[in-house]
Amino acid sequence: MQPCEPVPSPRGPGRIILLNGASSSGKSTLAKALQEVLDEPFLHVSSDQLVAAGFLPQRREEEGPFEWWRQMRPRFFAGFHRCLPALAEAGNDLIQTFGPYDLEVDTTTGAVGEIAESILSVWRLRASDRALAPFSA
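Please read these numbers as outputs of a predicted model, since none were measured by experiment. (Residues numbered from 1 in each chain as written. Predicted model: local features only at pLDDT ≥ 70, side-chain atom pairs only at ≥ 80, totals over all residues. Heavy atoms only, no water.)

**Quick look at the side chain of Ser46**
Part 1 of the argument: Within the secondary structure, Ser46 sits in the loop between β2 (43-44) and α2 (47-52).
Part 2 of the argument: The class of Ser46 is buried, set by a relative accessible area of 7%.
Part 3 of the argument: Excluding residues that lie within four positions of it along the chain, Ser46 makes contacts with Phe80 and Gln96. (Helix = DSSP H or I, 4+ residues; strand = E, 2+ residues; numbered from the N terminus. Buried < 20%, exposed > 50% of the residue type's maximum accessible area, 1.4 Å probe, protein only. Contact = heavy atoms within 4.5 Å.)

**A short note on helix α3 (residues 68-89)**
Helical geometry note: an α-helix holds 3.6 residues per turn, so side chains three or four residues apart project in the same direction.
Part 1 of the argument: Helix length check: α3 (22 residues) gives 30 Å between terminal C-alpha atoms against 32 Å at 1.5 Å per residue, within 8%.
Part 2 of the argument: Of the positions making up α3, those classed as buried are Met72, Phe76, Phe80, Leu84 and Ala88. Buried residues of α3, viewed axially, fall in a sector of 120°; they line one side. Relative to its buried face, α3 has exposed residues pointing more than 90 degrees away, namely Arg70, Arg75, Arg82 and Glu89.
Part 3 of the argument: Those residues of α3 that are buried are in contact with β1 (16-18), α2 and β3 (94-96).
Part 4 of the argument: Between the side-chain oxygen at the start of α3 and the backbone nitrogen of Arg70 there is a gap of 2.8 Å, and the oxygen is on Glu67.
Part 5 of the argument: Gly91 lies just past α3 and shows a positive phi near 100°. (Expected span 1.5 Å × (residues − 1). Arc of directions from axis to C-beta. Polar contact = N/O pair within 3.5 Å; in protein donor to acceptor, adjacent residues only side chain to side chain.)

**Quick word on the pattern of salt bridges**
Part 1 of the argument: Applying the stated criterion to the full structure yields seven salt bridges.
Part 2 of the argument: The shortest N-O distance in the salt bridge between Glu61 and Arg59 comes to 3.0 Å.
Part 3 of the argument: Residue Arg59 is classed as partly exposed on the basis of its relative accessible area, which comes to 48%.
Part 4 of the argument: Residues joined in a network through salt bridges with shared partners are Arg11, Arg15, Glu40 and Asp93. (Salt bridge = Lys/Arg side-chain N within 4 Å of Asp/Glu carboxyl O.)

**Topic: the sheet that holds β1**
Part 1 of the argument: As summarised here, the arrangement of the three strands in space is β1-β3-β2, forming an open sheet in which the pairing is parallel. Sheet topology places β1 and β2 at the edges, where each strand pairs with a single neighbour.
Part 2 of the argument: Judged from the two bridges that link them, β2 and β3 form a sheet pairing that is parallel. Note on β3: the bridge partner recorded for Leu43 is Leu94. (Pairing = 2+ DSSP bridges.)

Structure, rendered in structure tokens:
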């Protein structure tokens, strides 16, 4: 007899911390630092993780079904962005890279721990019932 999968207690939809920035701006490093300081577990979800895991085919062509820019890229990101609400709806708290944001930080300073603490401070002051609405102090 197979053991049953555990069923966690209901808690409602997960919360999302959105990190927005250019490629190689430090979002993944900052996400890892946030995972260390947050009081509850947050999943770090990024499209780069799927790419690094071999999710995409290596084949590329200028035209046709493997044409990256006009065919595969839009479909990949449309699907990726649709999976995030499903993860949150299942009760997962997420750290991710798109949407409106509450706080601007400069990751070029290299002070990742201080930046994570400033984000944590704003996170703790948020209104729990606001979904993706800009933060106002």
